[in-house]
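# Per-entry structural report
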Amino acid sequence: MAMLGTCAVAQREIPGRGVGLVAARDINAGETVVSEHALLVGVSEDFRETCCASCLAPGATTRCAGCHQVVLCGADACTHGSGHGAVVCAAERVASTHRPPMSIPDRERLRFLSACAELRRLHVVNGDANSRGILDATLQLCPAVGPNGEGIDAREASAAERVQPALEAAVKLATIAHTDATKELLGIIAGDLLENASLLAKETKNAFGIMAPHAASSSGHEGEAHRRVRGGAVYQLSSRVNHGCFPNVARFDNFDGVLASTTHEFHRAPSDLTPSPTELRLVAMDKIPAGHELLMSYLPVNEPCASRRRRVRRTFGFSCQCERCALEVEWAVQDDAPTGDEPPSWRRPSPRGHRRRSSSAAAGAAAGRRPAQCRRPVRPWALLPSP
């Protein structure tokens, strides 16, 4: 849970938005306000044989000798660390022989929950307090979950119920060498159904999609739209940042090792933070006065209003009420254009000849700038891309 730059931000309850990050002092444009390592990392099923299962580094070739299902990059922290520990390795074996075969989403959910179970195992069996701290930090992320599961979507609750037997089998397989591995101990390591459903809800709402390198995901096509997600990562602070259609921070990650290059514009001496592929930095895009909330766009900033609002509602479960959305919705109503709030059966009326306005123009207007020219937005990026 190593972090830097935390003196620049503070966690605060934002009315109607849960806990977010605010500037603890005046922040200058271009300043790195947060630098931290991931709490948990998981490789996607499509990349488990080409990216390290522990740190998502591309080009990994060392197949795990225990499960033979994933590859590791060979770094000591990945080969012997908790990222692919005993329970995680056992879960891969259980998933590979599961009958009927597990769906890809459920196999990835098992991968995430087994990583959480490995943290419990390290705490209970080895007395590792840091592992318990990582799990607790994950559980503190949104959504807030009540004692009876309030706040957990039915999808996560159902998924946890499906995956729980495989998780318990993996825990038993991983701890079979311990003569004192009682049924009670196995239950503690596996976790109960409510906590695991809560963890799946946290992962759904807070994980960053880590994009594969262009060469590994483009399939012969150029452009950001063809990049695929190689895995996901959850962070203690960065995962707290709320969405804004006109963001004031941008994220830079290190899964491809770019931040370690001395020629990279955000390079910093490794003594500041232990080098790791999972490092993520939040950089201020503009001046942020003390007390103002840090905002990050969960979607491409140049995506059209209607598409952006539909995706935010469908993917993240909320309706964006930011100033930019209010301005673009007003324009859309004037132009008889979709706003993203229409029912599925809605059809666009006949055009009335109003001037079309672009999302980039709305972004400028929301920031108090008058756009020099209104143009159609360019092709959007992939969801939550890595630079």
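## Brief notes about the overall build of the chain
Counting its secondary structure elements, the chain contains eleven helices and 13 strands. Expressed as a percentage of its 387 residues, the buried residues of the chain come to 47%. Expressed as a percentage of contacts within the chain between residues at least 6 apart in sequence, the contacts between residues at least 24 apart total 67%. Accessible surface for the chain amounts to roughly 18700 Å². Of this, 53% is attributable to carbon and sulfur atoms.

## With respect to the pattern of salt bridges
Within the structure shown, the criterion is met by 25 salt bridges. Its salt-bridge partner being D253, residue R251 comes within 3.4 Å of it at the nearest N-O pair. Residue R251 is classed as buried on the basis of its relative accessible area of 8%. One connected set of salt bridges, linked through shared partners, spans E45, R48, E49, R63, E92, R107 and R111.

## Brief notes about the sheet that holds strand β9 (residues 229-234)
Pairing in this open sheet of three strands is antiparallel, and the strands run β5-β9-β8 from one edge to the other. Strands at the two margins of the open sheet, each flanked by one partner only, are β5 (40-43) and β8 (208-211). With direction set aside, neighbouring strand axes in the sheet form an average angle of 25°.

## A word on the confidence of the model for the chain
The predicted model of the chain averages 83 in pLDDT, with 78% of residues at 70 or higher. Predicted confidence is poor over residues 217-224, with pLDDT under 50, and the contacts of this stretch with residues over four places away or in other chains come to 15 contacts. With pLDDT under 50 throughout, residues 369-387 is counted as low confidence; its partners more than four residues away or in other chains account for 52 contacts.

## Remarks on the packing of aromatic side chains
For any pair of aromatic rings, the description rests on two quantities: the centre-to-centre distance and the angle between the ring planes. One pass over the full model with this rule turns up two aromatic pairs. A ring pair is formed by Y298 and F316, whose centres lie 4.8 Å apart and whose planes are at 55°; its orientation type is tilted. With Y298 in the loop between β13 (295-296) and α9 (305-316) and F316 in helix α9, this residue pair connects regions lying 18 residues apart in the sequence. F316 shares its class with Y298; the two are buried.

## Side note on helix α10 (residues 323-334)
Compared with the 16 Å implied by 1.5 Å per residue over twelve residues, the 17 Å span of α10 between its first and last C-alpha is a close match. Directly beyond the C-terminal end of α10, a positive phi value near 55° is found at D336.

## Considerations on the state of the cysteines
This model, assessed by the stated rule, comprises zero disulfides. Residue C305 stays outside any disulfide, its sulfur separated by 5.5 Å from that of C325, the closest cysteine. Cysteine C325 shares no disulfide, and the gap to the nearest cysteine sulfur, in C245, comes to 3.6 Å. Taking relative accessible area as the criterion, C325 reaches 1% and is therefore assigned buried.

## What about the nonpolar core?
The nonpolar side chains of a soluble globular protein tend to be buried with one another. One finds V33 and L294 to be the most contacted residues of the largest nonpolar core, which totals 40 residues. Elements supplying a minimum of two residues to this core: β3 (18-23), β4 (32-36), β5, β7 (71-72), β8 and β12 (280-284). It is β12 that contributes the most residues to this core, three residues altogether. Counting 37 residues, the second largest nonpolar core, distinct from the first, contains A90, A115, V171 and V234.

## Remarks on empty space enclosed by the protein
All told, the structure shown has two cavities of 30 Å³ or more when counted by the stated rule. Computed from the structure, the largest cavity encloses a volume of approximately 80 Å³. If one sorts the elements of the lining of the largest cavity by residue count, β5 sits on top with four residues. Here the residues of the lining of the largest cavity sort into seven nonpolar, three polar and two charged.

Quick notes on the rules
- Along every chain, residues carry numbers that run from 1 in the direction the sequence is written.
- The predicted origin of the model limits local features to residues at a pLDDT of at least 70 and limits the giving and counting of side-chain atom pairs to 80 or more, whereas totals for whole chains, interfaces and linings rest on all residues.
- Values shown for side chains rest on all heavy atoms present in the structure; no hydrogens or waters enter the calculation.
- Each helix corresponds to a stretch of at least 4 residues labelled H or I by DSSP, and each strand to a stretch of at least 2 residues labelled E; elements are numbered beginning at the N terminus.
- The cut-offs for exposure are 20% and 50% of the maximum accessible area for each residue type, with area from a 1.4 Å probe on protein chains only; residues under the lower value are buried, those over the upper are exposed, and the others partly exposed.
- The contact definition used throughout considers only heavy atoms, calling two residues in contact when any of these lie within 4.5 Å.
- Computed with a 1.4 Å probe, the accessible areas rest on the Shrake-Rupley method; for each residue, only the protein chains presented here act as cover.
- We define a salt bridge as a side-chain nitrogen of Lys or Arg found within 4 Å of a carboxyl oxygen belonging to Asp or Glu.
- In this scheme, strands are said to pair when DSSP sees at least two bridges between them.
- In this analysis, axes come from line fits to C-alpha atoms, helices being fitted only over the stretch in contact, and the angle between any two N-to-C directions falls in the range 0 to 180 degrees.
- On a scale of 0 to 100, pLDDT captures the predictor's confidence in every residue.
- Paired rings are identified among Phe, Tyr and Trp, the last through its six-membered ring, by centres lying within 6.5 Å, and are further divided according to the angle between planes into stacked (under 30 degrees), edge-to-face (over 60) and tilted (the rest).
- Helix span, expected: 1.5 Å multiplied by one less than the number of residues in the helix.
- The disulfide criterion is simple: two cysteine sulfur atoms within 2.5 Å.
- For our purposes a nonpolar core is just a set of buried Ala, Val, Leu, Ile, Met, Phe, Trp, Tyr and Cys residues, chained together by side-chain atoms within 4.5 Å.
- Residues are called lining when one of their atoms sits within 4 Å of a cavity or pocket point, these points coming from a 1 Å grid over the protein atoms alone, where a cavity is a set in which a 1.4 Å probe fits but cannot get out and a pocket is an open set with protein on both sides within 12 Å along at least five of seven lines.
- Grid points are joined across faces, edges and corners, and a volume is the space filled by probe spheres set on the points.
- Throughout this entry, Asp, Glu, Lys and Arg are counted as charged residues, while Ala, Val, Leu, Ile, Met, Phe, Trp, Tyr, Cys and Pro are counted as nonpolar. The remaining residues, Gly among them, count as polar.

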